[in-house]
Amino acid sequence: MLRVLHSGPVCDMDKCHFDYIDPSFDANSAAQATLNVIVGTESISLYGAGPAGEPLALKTQTLSAGQSDTLSLKTEWSKVLEEEAILNWSYESARCAVFNAQATLVPRRMFDADRLPEYFTLLLPPGDYTYGYDVLTEYECFLAYAADPTLDSLAEQYFPGEKPTHLATSWLKHLHNIAPANDFAIFANLRHQIVQVAVLDRQNLLFYNSFQCQRPNDLLYYILLIYDQFKLDPETIPLTLSGCVEEGSETYRLLLRYIREIRLAQAAPQQRQGPAGIPGHYWLDLACLAAMPRS
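Quick caveat: nothing in here was measured; it's all calculated off a predicted structure. (Residues numbered from 1 in each chain as written. Predicted model: local features only at pLDDT ≥ 70, side-chain atom pairs only at ≥ 80, totals over all residues. Heavy atoms only, no water.)

Student: For this particular structure, what's the right way to read the packing of aromatic side chains?
Tutor: Note on aromatic pairs: each is described by the distance of the centres and the angle between the planes. In total, this model carries 13 aromatic pairs according to the counting rule given. Their ring planes at 65° and their centres at 5.9 Å tell us that Y133 and F142 sit as a pair that is edge-to-face. With 5.2 Å between their ring centres and 70° between their planes, Y221 and Y222 make a pair best called edge-to-face. Here the aromatic residues F111, Y119, Y133 and F142 are joined through ring pairs into a cluster of three or more. (Phe/Tyr/Trp six-rings, centres within 6.5 Å; stacked < 30°, edge-to-face > 60°.)

Dropping the structure here:
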């Protein structure tokens, strides 16, 4: 039986890996735990949480197949999911989120669930997509997304009865709770080579988008572009950062040259310092998913 696996986290832009299982975590204790899984085009990650939200398992597996190679990705996704022992245990509850860059916000007054493909007419090349949407009541809007059908089929196969959400939904809900009540705020969450960026003004969502970032300079460009677009001063408005960025890394130092203050995002107190020195900002998106209210 798999007991303890841990390798120190390796984070920055093109790689982010951590692999931990608490010594006491097994098939019996899983019955009182919750499982949270993110299935994306670039990686699969999971968080097994105890009754108080404490991390019992934290794992991420980067996928090597190209994002446009659907058949290879499906094979690799399936292999990881089938071989991961803790996915075969029974949990008190389980939740799955899909993640890709094809997501857009639609104001409530303009949203029509029967017209989802139309929201992506100018955003996506022709192809076979599965469309979905989540409700963001905090912002009076919907998040519509277009995913590779393989993502949805894997979610349904391994999490029957659970409607997958898009990862941006739980992250944006978390931002509403931590954004300042009387000022602007810029947030960025980096998952490998995709960065999610959001701008809030007094807890009102002004902007959300995601960008491909192959190099630290790409990330800097998009972050500064957002500051410029909203006429915000990087000397006075901090950037709150989460995901695959290590404090002191090349990426972090580059951002700090142009942005006066960088804050590392935190979740609930029991999640702020993960096991074996895995900082909470590395796996904030998993913590946000776990905190989503049950429908």
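Student: Teacher, can you tell me more about the packing of helix 4 (residues 216-229) against helix 5 (residues 250-258) here?
Tutor: Two quantities define a packed helix pair, namely the angle between the helix axes and the distance between the axes. At their nearest, the axes of helix 4 and helix 5 sit 9 Å apart, and the two run at 35° to each other. The interaxial crossing formed by helix 4 with helix 5 has right-handed handedness. Residues P216, N217, L219, L220, I223 and L224 of helix 4 pack against E250, T251, L254, L255 and Y258 of helix 5. Class assignment of the residues belonging to the contact of helix 4 with helix 5 gives a composition of eight nonpolar, two polar and one charged. (Axes fitted to C-alpha atoms, helices over the stretch in contact; angles between N-to-C directions. Helix = DSSP H or I, 4+ residues; strand = E, 2+ residues; numbered from the N terminus. Left-handed = near helix turned anticlockwise from the far one by under 90°. Contact = heavy atoms within 4.5 Å. Nonpolar A, V, L, I, M, F, W, Y, C, P; charged D, E, K, R; others polar.)

Student: Which parts of the structure should I look at to understand the sheet that holds strand 7 (residues 93-99)?
Tutor: Across a sheet, strands are paired by hydrogen bonds formed along the backbone, either parallel or antiparallel in direction. Strand order in this open sheet of six strands is 3-6-5-4-7-11, and the pairing throughout is mixed. The strands lining the two open edges of the sheet, one partner per strand, are strand 3 (19-21) and strand 11 (165-166). Note: strand 4 (residues 34-40) against strand 5 (residues 43-49), six bridges, orientation antiparallel. Bridging across to strand 5, V37 finds its partner in L46. Sheet strands in contact with helix 2 (residues 149-158) are strand 4 and strand 7, and its direction is about 175° off that of strand 7. (Pairing = 2+ DSSP bridges.)

Student: Looking at this model, I keep getting lost on helix 4. Mind explaining?
Tutor: Since the α-helix turns once every 3.6 residues, residues separated by three or four places project in the same direction. For helix 4, with 14 residues, the first-to-last C-alpha span of 20 Å sits near the 20 Å given by 1.5 Å per residue. Where helix 4 is buried, its residues touch strand 12 (184-191), strand 13 (194-201), strand 14 (204-212), strand 15 (239-243) and helix 5. (Expected span 1.5 Å × (residues − 1).)

Student: For this particular structure, what's the right way to read empty space enclosed by the protein?
Tutor: Rolled over the atoms, a probe sized like a water molecule indicates the empty space that remains. As enumerated under the stated definition, the model contains two cavities of 30 Å³ or more in all. A volume near 90 Å³ is recorded for the largest cavity. F18, T60, R191, Y282 and D285 are, among the 13 residues lining the largest cavity, the residues nearest its centre. Residue assignment for the lining of the largest cavity shows that the elements contributing at least two residues are strand 12 and helix 6 (284-290). For the lining of the largest cavity, the per-class residue count stands at seven nonpolar, four polar and two charged. As for the second largest cavity, its lining consists of W171, L175, I178, F187, A188, T240, L241, S242, A265 and L284. The set of elements that each furnish at least two residues to the lining of the second largest cavity consists of helix 3 (167-178), strand 12 and strand 15. Taken together, the residues that form the lining of the second largest cavity break down as eight nonpolar, two polar and no charged. (1 Å grid on protein atoms, 1.4 Å probe; cavity = no way out; pocket = protein on both sides within 12 Å on 5 of 7 lines; lining within 4 Å. Points joined across faces, edges and corners; volume = space filled by probe spheres on them.)

Student: Quick question: what am I supposed to make of the pattern of salt bridges here?
Tutor: Side-chain pairing between opposite charges can occur once the charged atoms of the two side chains come close. Evaluated as defined, the whole model comprises twelve salt bridges. Put simply, E138 and K173 hold a salt bridge, and the shortest N to O gap is 3.0 Å. Placement of E138 in the loop between strand 9 (130-136) and strand 10 (141-147) and of K173 in helix 3 is noted, with a sequence separation of 35 residues between them. Residue class for E138 comes out partly exposed when judged on its relative accessible area of 28%. Members of the salt-bridge network, linked through shared partners, are D19, K59 and E84. (Salt bridge = Lys/Arg side-chain N within 4 Å of Asp/Glu carboxyl O. Buried < 20%, exposed > 50% of the residue type's maximum accessible area, 1.4 Å probe, protein only.)

Student: Explain the sheet that holds strand 16 (residues 262-264) to me, please; I cannot follow it from the model alone.
Tutor: Taken together, the five strands give an open sheet; going across it, the order is 14-13-12-15-16, and neighbouring strands pair in mixed fashion. Each of the sheet's edge strands pairs with one partner strand only, and the pair in question is strand 14 and strand 16. Along the sheet, successive strands turn relative to each other by an average axial angle of 20°, direction set aside. Pairing of strand 15 with strand 16, which is carried by three bridges, proceeds in the parallel orientation. When the sheet's bridge partners are listed, T240 is paired in strand 16 with R263. Of the strands in this sheet, strand 15 and strand 16 touch helix 5, which is tilted by about 140° from strand 16.

Geometric descriptors of this kind do not, in isolation, establish any biological role.
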